[in-house]
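Survey of secondary and tertiary structure
Below, each chain spelled out in residue letters.
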Amino acid sequence: MRLFVSVDVPDELTDAVDDLQDEFADAEGLNLTDPAQTHVTLKFLGDVDESRLPDLRRELAAAVADADVDPFTARFSGLGVFPSLEYISVVWLGVEDGSEELTRLHEAIEERTTAMGFEPESHEFTPHVTLARMEHAGGKKLVQRLVREREPAVGETTVESVHLTESTLTDEGPMYATVARFSLADD
C-alpha cells in the first residue's frame, strides 16, 4: 500500500481551488492536481506492507495525541513553489492560519514514524497544498509571474481530523482512499 498522512481540503473549497488552478491553465509543462483530492501532506510514508497497518494506526493515534492539537481553523492563501522560482518542480497554495498546528502534527507524526523505521523527511516542513507539478519549463515565466503577483485567498475550514490515506496510481492520476481517521477532538 502506498500511504501518506494528511489533512484534507474540504469539498466546499474544491471550486475555489479549481478557479485558482485555471489561472495556470496556459502554463505549458504544468500538470494540475485534481482539486477534489487536494490535501496538506503531513508525512509521506511510501510503500507499506499491509501487515504494518495495526502498528501504524496505533502510532499515528498516539502521535496525534502527542501533538495535543484541538480542532483549528486553517486558512488557505498565497502561492509558492518548490524548490525555487528558478527551478520549479511544484506549485503550491499556502496555509496562512493553522500552519503552527499543522507543524506540531507533522513533528509528532515524524517522530513516531521514524521510530518505526520510516525514512525521515529530507527537507523542512512547509504546510502547503500542491496545485501542480512542473514536467518541463515551457510555462515557467507564466508561473513565476503568477507566484510573484498573486496573493489568492481560497478560503478556510475547521480541521477536525488527520487521515491515513492510500494512494493508488492509475492512468488517470492518483486515486486516494482514507484508510484511517484520527480525530483532534477529545473523545
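Look up: the structure comes first, before these words.
Residues numbered from 1 in each chain as written. Predicted model: local features only at pLDDT ≥ 70, side-chain atom pairs only at ≥ 80, totals over all residues. Heavy atoms only, no water.

Turning next to the environment of Trp 92. When you line up the elements, Trp 92 lands in strand β5 (residues 88-97). For Trp 92, a relative accessible area of 14% translates into the label buried. For the pair Trp 92 and Ser 51, spaced 41 residues apart in sequence, the C-alpha separation works out to 34 Å. The contact partners of Trp 92, leaving out residues within four places of it in the chain, are Gly 78, Leu 79, Gly 80, Val 81, Phe 82, Thr 126, His 128, Val 129, Thr 130 and Leu 131. (Helix = DSSP H or I, 4+ residues; strand = E, 2+ residues; numbered from the N terminus. Buried < 20%, exposed > 50% of the residue type's maximum accessible area, 1.4 Å probe, protein only. Contact = heavy atoms within 4.5 Å.)

Once that is clear, we can look at the pattern of salt bridges. If you walk through the whole model with that rule in mind, you get 11 salt bridges. A salt bridge links Asp 97 to Arg 75, with the shortest nitrogen-to-oxygen separation between them at 2.2 Å. With Asp 97 in strand β5 and Arg 75 in strand β4 (residues 72-83), this pair connects stretches of sequence that are 22 residues apart. On the basis of relative accessible area, Arg 75 is assigned to the partly exposed category, the value being 29%. Salt bridges here are not isolated pairs; linked through shared partners, they connect Asp 55, Arg 58, Glu 59, Asp 66 and Arg 112. (Salt bridge = Lys/Arg side-chain N within 4 Å of Asp/Glu carboxyl O.)

With that settled, consider the packing of aromatic side chains. Inspection of the entire model under this criterion finds 2 aromatic pairs. When the centroid spacing of 5.1 Å and the interplanar angle of 80 degrees are considered together, the rings of Phe 4 and Tyr 176 count as edge-to-face. Taken together, the residues Phe 4 in strand β1 (residues 2-8) and Tyr 176 in strand β9 (residues 173-183) connect sequence positions 172 residues apart. Relative accessible area serves as the criterion here: at 31%, Tyr 176 is assigned to the partly exposed category. (Phe/Tyr/Trp six-rings, centres within 6.5 Å; stacked < 30°, edge-to-face > 60°.)

In this structure, the amide linkage connecting Phe 82 to the following residue, Pro 83, adopts the cis form with an omega of -15 degrees. Here Pro 83 is to be found in strand β4.

Here the focus is helix α4 (residues 140-149). Of all the residues in α4, the buried ones are Lys 140, Leu 142, Val 143, Gln 144, Leu 146 and Val 147. On its buried face, α4 sits against β2 (30-32), β4, β5 and β6 (128-134).

Once that is clear, we can look at the side chain of Gln 37. Locating Gln 37 in the fold gives a position in the loop between β2 and β3 (39-47). Of the polar contacts made by the side chain of Gln 37, one reaches the backbone nitrogen of Tyr 176; its length is 3.0 Å. (Polar contact = N/O pair within 3.5 Å; in protein donor to acceptor, adjacent residues only side chain to side chain.)

What follows concerns the nonpolar core. The biggest cluster of nonpolar side chains holds 53 residues, and the ones touching the most others in it are Leu 42, Leu 56, Phe 76, Leu 105, Val 143, Val 162 and Leu 164. Tallying contributions element by element places helix α2 (residues 53-67) first for this core, with 6 residues. Sequence-distant contacts of Leu 56, defined by excluding residues within four places in its chain, comprise Leu 3, Leu 45, Thr 113, Met 116, Phe 118 and Leu 164. (Core = buried A, V, L, I, M, F, W, Y, C linked by side-chain atoms within 4.5 Å.)

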